[in-house]
Amino acid sequence: MTDQPAITVDGHAIPLLGFGTWNLTPEDARRMVAEALRIGYRHIDTAWIYSNEAAVGDGIRDAVAAGHVARDDIWLTTKIWVAHFDRDGLLKQAEESAASLGFTPDLLLLHWPKTEPSFDETLGALNEAKDLGLTRTIGLSNFPSSEFRKAQTLSKAKLVTNQVEYHPYLKLTKLLDTAKYLDSSITAWSPLAQGQIADDPTLIEIGRAHGKTPGQVTLRWLIQQNVIAIPRTSKESRAAENFDIFDFELSAEEMDRVHALARPDGRLGDWIDPAFQWDSEW
């Protein structure tokens, strides 16, 4: 890995700033992954359901061939889709994802919690995938605190992260506390609130004090919490802007001002099974 900020979980250093590929076409995913790695990103996130794993792998190979990075310096994450949570289905998809990527992923996540099959079966299969060498580490995505805790009790291996929506308009105190209690981490998807932060007066004002944009302030706010952030863009210039956050630091007062932007209706993407409930924060 590079010397950019990372969080160490279960002995693995995970770069705090990554590049997300949700909703990118294969063409854009290949181009932007290669460009992100050229810029300096060392953490790439994808998923089976994004239908771009093969393109992500191609982008990595392009960057390696160009001499921008070595594979061993990249943290690569993908996810098991909910339709594949039975043992056989999970192992089959884990094999397919590794084949599509052309690399063994560093991290394999369960994409959303699901009532059937049981957590016991699904976590057992996820651990089996790790034991078979289909991933280096395992984790979760979009699990509320109670399910996060339950999943860890059922998992032989450490669940190294829980990837969830998190940005200035969403309070995540309980889930952050749960991750800390479990010696795990939180990864933020939609960290820039799908562009809503760009016109925020508070973020604009804080940014002016540092010569930074609202997006850069927001990403800095996340990594100063030891939260992994995976912004996604199809624009090379925006990817470079998002990466330019390592030369300034927010004060405690500025961090609090950003936290104060959270609101009860701040969630942007709520596709959780109705059987589960997000943590109550208000």
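Fair warning: this is a prediction, and the values are worked out from it, not measured in the lab.

*Asks:* Sorry if this is basic, but what is going on with the environment of Asp279 here?
*Replies:* Structurally, Asp279 is set in the segment after helix H10 (252-259). By relative accessible area, Asp279 is classed as partly exposed at 23%. When the C-alpha positions of Asp279 and Ile138 are compared, they lie 23 Å apart, and in sequence the two are 141 residues distant. Aside from chain neighbours lying at most four places away, what touches Asp279 is Pro144, Ser145, Lys174 and Leu175. At a separation of 2.7 Å, a polar atom in the side chain of Asp279 contacts the side chain of Ser145.

*Asks:* Any chance you could explain the packing of helix H3 (residues 87-101) against helix H4 (residues 119-131) here in plain terms?
*Replies:* Helix packing for two helices is described by the angle between their axes and how far apart those axes are. Running from N to C, H3 and H4 point in directions that differ by 35 degrees, and their axes come no closer than 9 Å. As for how H3 packs across H4, the hand of that crossing is right-handed. Of the residues in H4, those in contact with Arg87, Leu90, Leu91 and Ala94 of H3 are Glu121, Thr122, Ala125, Leu126, Glu128 and Ala129. In the contact of H3 with H4, the residues fall into six nonpolar, one polar and three charged.

*Asks:* I keep staring at the sheet that holds strand E5 (residues 75-80) and nothing clicks. Help me out?
*Replies:* Strands pair in a sheet through their backbones, by hydrogen bonds, and they do so in one of two ways: parallel or antiparallel. A sheet is described by the order of its strands in space; here eight strands give the open sequence E3-E4-E5-E6-E7-E8-E9-E10, paired in parallel fashion. Of all the strands in the sheet, just strand E3 (19-20) and strand E10 (228-229) have a single pairing partner and so form its edges. Where strand E7 (residues 137-141) lies against strand E8 (residues 159-165), three bridges are found, and the strand directions are parallel. Residue Ser141 lies in a different strand from E8, and its bridge partner there is Gln163.

*Asks:* Please explain unusual backbone geometry as it appears in this structure.
*Replies:* Here the bond from Glu116 into Pro117 is cis, since omega is -5 degrees, no more than 30 degrees from zero. Along the chain, Pro117 turns up in the loop between strand E6 (107-110) and H4. In this model, Asp10 sits at a positive phi of 55 degrees, which is unusual for a non-glycine residue. In this fold, Asp10 is placed in the loop between strand E1 (6-9) and strand E2 (12-15). One non-glycine residue, Ser190, lies in positive phi territory at about 50 degrees. In this structure, Ser190 sits in the loop between strand E9 (186-189) and helix H7 (201-210). Ser190 gets classed as buried once you look at its relative accessible area, which sits at 13%.

Rules used in this analysis
Residues numbered from 1 in each chain as written. Predicted model: local features only at pLDDT ≥ 70, side-chain atom pairs only at ≥ 80, totals over all residues. Heavy atoms only, no water. Helix = DSSP H or I, 4+ residues; strand = E, 2+ residues; numbered from the N terminus. Buried < 20%, exposed > 50% of the residue type's maximum accessible area, 1.4 Å probe, protein only. Contact = heavy atoms within 4.5 Å. Polar contact = N/O pair within 3.5 Å; in protein donor to acceptor, adjacent residues only side chain to side chain. Axes fitted to C-alpha atoms, helices over the stretch in contact; angles between N-to-C directions. Left-handed = near helix turned anticlockwise from the far one by under 90°. Nonpolar A, V, L, I, M, F, W, Y, C, P; charged D, E, K, R; others polar. Pairing = 2+ DSSP bridges.

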